[in-house]
Amino acid sequence: MDTIIIEENKRKGINPQKFALWIGMASIIMMFTGWTSAYIVKNAAGNWLEFGLPNMFYASTVTIILSSFVLHLSYIGYKKQRELMYKGLLVLAFVLGVTFIVMQYQGWMQLFGMGVDFKANVAGSFTYLITAAHAVHVLGGIAALIVAMIHAFSLKFRYTEKRKNRFELVLQYWHFVDILWIYLLLFMLNTK
Amino acid sequence: MANIATTYNDDLLIQEHGLNDHFHDHHHGDKYQSGFISHYIFSMDHKIIARQFLITGIIWAIIGAAMSVVFRLQLGFPEESLAWLKPVLGKWIVIDPTGMGTLAPEFYYALVTMHGTILVFFVLTAGLSGTFSNLLIPLQLGARDMASPFLNMLSYWFFFMAGIVMFYSLFLSTGPFSGGWTAYPPLSALPQASTGSGTGMTLWLVSLTLFVVSVLLGGINYITTVLNLRTKGMSLWRMPLTIWAFFITAIIGVLSFPVLASGFFMLMMDRGLGTSFFLSEIFIEGQALDRVGGSPVLYQHLFWFLGHPEVYIIILPAMGLVSEVLAVHSRKPVFGYRAMVYSMLAIGFLSFIVWAHHMFMSGVNPFISNFFVVFTLIIAVPSAVKVFNWITTLYGGNIRLNTPMLFSIGFVSMFISGGLTGVFLGNSTIDIQMHDTYFVVAHFHIVMGVAAFFGMFAGIYHWYPKMYSRFMNETLGKIHFWGTIIGAYAIFWPMHFIGMAGVPRRYYSFDTFDAFKHFSGMNQFITIAAILVFFVQLIFVINFFYSIWKGKKMTTKNPWGATTLEWTTPIEPIHGNWPGNLPAVHRWAYDYNKDEREFIPQIVPLEEGEVGDH
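Residues numbered from 1 in each chain as written. Chains lettered and ligands numbered in written order. Predicted model: local features only at pLDDT ≥ 70, side-chain atom pairs only at ≥ 80, totals over all residues.

Undergrad: Lay out the overall build of chain A in plain terms, naming residues and giving numbers.
TA: The helix and strand tally for chain A stands at six helices and zero strands. Of the regular secondary structure in chain A, the N- to C-terminal order runs α-α-α-α-α-α. The burial tally for chain A puts 34% of its 192 residues in the buried class. Counted over contacts in chain A with a minimum sequence separation of 6, partners at least 24 positions apart contribute 79%. (Helix = DSSP H or I, 4+ residues; strand = E, 2+ residues; numbered from the N terminus. Buried ≥ 20, exposed ≤ 12 C-beta atoms within 10 Å, placed from the backbone. Contact = placed C-beta atoms within 7 Å.)

Spelled out as structure tokens, the structure:
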């Protein structure tokens, strides 16, 4: 239903769905701004436990960047109508996304092993909160990837504007959570 | 009723100049609007959703106002027995052996808290911006519906669920949350802090988190619709001020509510997972808690980063509605259209950098306070521009003093009265005396409570024919207006004096304070006024529901002689809003009394040699 209205009314350059996603991303950025600002304020106020980030977080960073590249290549594959490239890389991006979540979990375990408790110091609480909130947003992206895979494998391969738009929505969000993670990592490294 | 000298054949104009968007009219076999449930309950039509928001808002307004009557009874008549309320409030009315019933103090706090939460979020955010953004954005822009009707429906149902959870919390044996609508920790962070801090606070958080989702879904939709679905010719500078107001409101909401959500998530972790974001060195019943390292002021920053934009989320839609109603019913173009838009944009921007003026007394650095004082006082500039423009719109106009117009003028009056005291409170030095007194209560109730209600009433009386194809009763409307404006001033004017004398807000009773005892007469006066105003609002409620079925029928499409697109739609609303082509727009929204013509709708093309717009 909603797509019908959007198609019927569309006569300007921007795709309303993509535009709506941009606004949603702005909202998400504001939520993380709330947390990172609170982090800066608490950090400046002292009583802040200093610790290095677990190695697993660097490995997971590489993984999510890789998945972004792979998904983009899959998108190029779809545009060039190379079915195998499109489907294969889509699955690979999904696998890398899931791997990222698993690695984040390993990272939390390492962090806990380093003696950084969830409750004992606000520094630890913030690190767990921010990384977990980001992971939740990645899970949202993984859900979108699952939907994209269902489309890829259940529908007959065909290049349509509508399907390209849908793919672009997933791609836009996936790049967003990728860049968000890089930002959060650099943020946490620089405010230690 | 309007005496309209000029008539236009809307259908012909739309047919000749309109935009054919290949809209398929699904009168028969319309799969999403055919049954009762899909039409009236899980509807995706923006006009139905608008009415759902409005009626839900009215129900919450009655509940919230009734709560204020109960706590005003306690404040005005602490010696009188409230035993007669026992059937409604149950165990919260404590009856002593002599048969004297008193309101339980903890429930007094719960009532004050719920009154604030309900009115601010459920009535003046969802009920006001939810209703009119939904109704007017597609209609005034010439769109078939919102960008995503499905998300729009979800927005209402998230609000509805938020309401259900909050309503349920009213009936908990420990009572609803009682730590103030701002939910400052530690009262909100420690379940053992007070009776309402347990399950009551948990449900409060759940409810408001659902509410944030509703606002975000709504806001994303409103912004997308305004930027993407305007009809042919509807440039941004031709949009009515209502749409500008809803648009800026939605942007503010989308940027500020997520920050509230981040504060809420941290609060949830403090409550449930044992973190100490907002807690440090707390003793409860002589026991020291092991929660250290947090800061309750941090929560206040996160809360007010939403909380201050929130008051503009409430007042901007009211400003937009009033601007439109004033122009239509004084038969004049709105004065300084662009200045109105720029001042709303300025207010929207400034609303994000003044939040700490709610925290002058919370222990923030006084040097930082100076920054917030300056920006707070600067908000007076765009606000004054708007007030000046409303008054100059009225000046020399052909004024129709009907109910929507009266409420719009009342809005301007209230906004001036309440805005001036804001200049006092914005000064951090004066705030030392005024902070947390009835002066503050008077200020914000007038400027964003009563004023926003006036804007909402103006909107309801003015657009009622567009919602229900009937008119509300004009005599009852005028009684409603005069009762409300006189009563509201009678309630809040005396509070300024009580507040300047230092009487603190939120106190259950002043019996033990010698300094405040002599205000009992004034408190009685305020309480009596509040009860009368409450009953005057019931006249409105009766008028509203009676008129849905029995009101005077609308016989012409454009009863007010307005220029905007919603008055070119059929009298009986249809899905898709216009039966054939979409209207195309040729001029701005305020061509009143131009070139010897009483009014010129936006769909009328420019005549040869005519200069368009403003």
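Undergrad: Please give an account of the overall build of chain B that cites residues and values.
TA: Regarding its fold elements, chain B presents 17 helices and eight strands. Relative to a compact globule of 614 residues, whose C-alpha radius of gyration would be 25 Å, chain B shows 25 Å and is just as compact. Taken over 614 residues, chain B has a buried fraction of 55%. Within chain B, residue pairs in contact and separated by at least 24 positions form 79% of the contacts whose partners lie at least 6 positions apart. (Rg over C-alpha atoms; globule rule 2.2 N^0.38 Å.)

Undergrad: I'd like a rundown of the confidence of the model for chain A, residues and numbers included.
TA: Averaged over all residues, the pLDDT of chain A equals 91, while 93% of them reach at least 70. Low pLDDT, under 50, characterises residues 1–11 of chain A; the stretch is placed with 22 contacts to residues that sit more than four places away or in other chains. (pLDDT = per-residue confidence, 0-100.)

Undergrad: Explain helix α9 (residues 296–330) of chain B residue by residue, including any values.
TA: Residues and elements named next belong to chain B. Relative to the 51 Å expected for 35 residues at 1.5 Å per residue, α9 spans 50 Å between its end C-alpha atoms, a close match to the ideal helical length. With 32 of 35 residues buried, α9 lies mostly within the body of the structure. Arg331 sits one or two positions beyond α9 and adopts a positive phi of about 55 degrees. (Expected span 1.5 Å × (residues − 1).)

Undergrad: For unusual backbone geometry, give the residues involved together with the corresponding values.
TA: All names here are of chain B. Residues Pro185 and Pro186 are joined by a peptide bond in cis, for which omega reads 5 degrees. One can find Pro186 in the loop between α6 (149–169) and α7 (199–228). Positive phi outside glycine occurs at Asp436, with the angle close to 55 degrees. Turning to its location among the elements, Asp436 is positioned in the loop between α14 (428–434) and α15 (438–468). Exposure remark for Asp436: the 15 C-beta atoms within 10 Å place this residue in the partly exposed category. Non-glycine residue Ser469 carries a positive phi angle of around 60 degrees. Mapped onto the elements, Ser469 comes out in the loop between α15 and β5 (470–471).

Undergrad: Explain the confidence of the model for chain B residue by residue, including any values.
TA: Residue and element names in this part refer to chain B. Scored by pLDDT, chain B has a mean of 92; 97% of the residues are at 70 or more. Low pLDDT, under 50, characterises residues 1–5; the stretch is placed with eight contacts to residues that sit more than four places away or in other chains. Scoring of the predicted complex yields 0.93 for pTM and 0.90 for ipTM.

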